[in-house]
Amino acid sequence: MDFRLKNGRPITIREFEPADLDGMVQMFQAMSKEALQFGLPPYDRPRLERWVTGLGGGVLLVAIDKATVVGVAMVFGRPHPRFKGIGEFVIYLHQEYHNQGLGSFLTRVIIQEVRRKGFHRVGLEVVADNSAAVRVYEKAGFVIEGRLRHAFYGEDGTYRDQLVMGCVL
Ligand SMILES: CC(C)(COP(=O)(O)OP(=O)(O)OC[C@H]1O[C@@H](n2cnc3c(N)ncnc32)[C@H](O)[C@@H]1OP(=O)(O)O)[C@@H](O)C(=O)NCCC(=O)NCCS
């Protein structure tokens, strides 16, 4: 699937293939501290390998600029029968690709994709100060379901609230 950034650059979006793992590792290595400030490191190869092998029936999309991975979006399924159809959403874009509409597009596309696969709900947790992420999620149909006070300890040594968000499909 093709997407054009606001600056006109063409991006390809498709399902992850095993050969993309190196590109994913490189993308995270090239991400700035700021872009990862609300994340949960490490983002090294073993962690990313666990992601790609542990999707649990979910979906992993990659965004590619020429041959370079510049974004990933995933919905993890959970194997327990009591969590049937309930996924968890995660998205990361390289900082040079922020604020170009790509996150909004990827989020919408992955929601459509998991709906098609029979998912019933997608949930997530996000640091409340991550305003761009919260905006992207709300635009894609997520609603704020709760606030976990001081549930994230930032690298700057301050506690931040986390928002619980969900989208019932
Ligand atoms: C969060 C993220 C996926 C968003 O993707 P993106 O492509 O930059 O987002 P988009 O360009 O599609 O949309 C950003 C929206 O947030 C708004 N926004 C950007 N910065 C903002 C800020 N500081 N305050 C409020 N809104 C802001 C933009 O105006 C835009 O809204 P609009 O479409 O109504 O104008 C991306 O920034 C990212 O990967 N960040 C680093 C990793 C991360 O934090 N992941 C999520 C939590 S783990």
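Residues numbered from 1 in each chain as written. Predicted model: local features only at pLDDT ≥ 70, side-chain atom pairs only at ≥ 80, totals over all residues. Heavy atoms only, no water.

K.L.:
How should I be thinking about the layout of surface pockets in this particular structure?
P.N.:
Each pocket or cavity is described by its volume, and for the largest pocket that value is around 1,000 Å³. Lining of the largest pocket is provided by 43 residues; of these, Ile 91, Tyr 92, Asn 130, Ala 133 and Tyr 137 occupy positions nearest its centre. When residues of the lining of the largest pocket are traced back to their parent elements, those giving at least two are helix H2 (45-53), strand S5 (86-93), helix H3 (102-116), strand S6 (121-127) and helix H4 (131-139). Looking at side-chain class alone, the lining of the largest pocket contains 23 nonpolar, 13 polar and seven charged residues. (1 Å grid on protein atoms, 1.4 Å probe; cavity = no way out; pocket = protein on both sides within 12 Å on 5 of 7 lines; lining within 4 Å. Points joined across faces, edges and corners; volume = space filled by probe spheres on them. Helix = DSSP H or I, 4+ residues; strand = E, 2+ residues; numbered from the N terminus. Nonpolar A, V, L, I, M, F, W, Y, C, P; charged D, E, K, R; others polar.)

K.L.:
Explanation requested: the packing of helix H1 (residues 21-29) against H2 in the structure shown.
P.N.:
The relative placement of two packed helices comes down to the angle between their axes together with the axis-to-axis distance. Their axes nearest at 10 Å, the elements H1 and H2 cross at an angle of 130 degrees. One finds that H1 runs oblique with respect to H2. Like other packed secondary-structure pairs, H1 and H2 cross with a definite hand, here right-handed. Contacts between H1 and H2 involve Leu 21, Asp 22, Met 24, Val 25 and Phe 28 from the former and Arg 45, Leu 48, Glu 49, Trp 51 and Val 52 from the latter. Considered class by class, the residues forming the contact of H1 with H2 number seven nonpolar, no polar and three charged. (Axes fitted to C-alpha atoms, helices over the stretch in contact; angles between N-to-C directions. Parallel < 35°, antiparallel > 145°, perpendicular 65-115°, else oblique. Left-handed = near helix turned anticlockwise from the far one by under 90°. Contact = heavy atoms within 4.5 Å.)

K.L.:
Quick question: what am I supposed to make of the packing of aromatic side chains here?
P.N.:
For any two aromatic rings, the description comes down to two numbers: the centre-to-centre distance and the angle of the planes. Counting across every chain of the model gives twelve aromatic pairs. Here Trp 51 and Phe 76 contribute two aromatic rings whose centre-to-centre distance is 6.5 Å and whose plane-to-plane angle is 65 degrees, an arrangement assigned as edge-to-face. With Trp 51 in helix H2 and Phe 76 in strand S4 (residues 68-76), this pair connects stretches of sequence that are 25 residues apart. The two residues Trp 51 and Phe 76 agree in class, both being buried. Among the aromatic side chains, those forming a connected cluster through ring pairs are Phe 28, Tyr 43, Trp 51, Phe 76 and Tyr 92. (Phe/Tyr/Trp six-rings, centres within 6.5 Å; stacked < 30°, edge-to-face > 60°. Buried < 20%, exposed > 50% of the residue type's maximum accessible area, 1.4 Å probe, protein only.)

K.L.:
Looking at this structure, how should I read the site of the ligand?
P.N.:
Near the ligand you find 20 residues, and of these Leu 93, Asn 99, Gly 103, Ser 104 and Lys 139 are the closest. The separation between an oxygen atom of the ligand and a polar main-chain atom of Gln 100 is 3.2 Å. Asn 130 places a side-chain nitrogen or oxygen 2.9 Å from an oxygen atom of the ligand. Considering the ligand on its own, with 950 Å² of exposed area, one finds that the protein chains cover 74% of that surface. Placement of the ligand is best described as lying within the largest pocket. Broken down by secondary-structure element, the contributors of at least two residues to the shell around the ligand are S5, H3 and H4. For the shell around the ligand, the leading source of residues is H4, giving seven residues. Classifying every residue of the shell around the ligand by side-chain character gives ten nonpolar, eight polar and two charged. (Near = heavy atom within 4 Å. Polar contact = N/O pair within 3.5 Å; in protein donor to acceptor, adjacent residues only side chain to side chain. Areas by Shrake-Rupley, 256 points an atom, 1.4 Å probe, with all protein chains shown as cover. Sits in = over half its atoms within 2 Å of the grid points.)

K.L.:
In this structure, what is going on with the nonpolar core? I would like to understand it.
P.N.:
In a soluble, globular protein the nonpolar side chains are often hidden away together inside. Within the largest apolar cluster, 34 residues are counted, with the highest numbers of intra-cluster contacts made by Phe 89, Leu 102, Leu 106, Tyr 137 and Phe 142. Elements with a contribution of two residues or more to this core: strand S2 (10-15), strand S3 (59-65), S4, S5, H3, S6, H4 and strand S8 (159-168). In terms of residue count, H3 provides more of this core than any other element does, six residues in total. Discounting chain neighbours no more than four positions away, the residues touching Leu 102 are Phe 3, Leu 5, Ile 11, Ile 13, Ala 63, Val 70, Leu 93 and Tyr 97. (Core = buried A, V, L, I, M, F, W, Y, C linked by side-chain atoms within 4.5 Å.)

K.L.:
How do you make sense of the environment of Leu 5 when you look at a structure like this?
P.N.:
Along the polypeptide, Leu 5 turns up in the loop between strand S1 (2-4) and S2. With 97 residues separating them in the primary sequence, Leu 5 and Leu 102 have C-alpha atoms 6.4 Å apart. Ignoring anything within four residues of it in the chain, the contact list for Leu 5 reads Ile 11, Tyr 97, Gln 100 and Leu 102.

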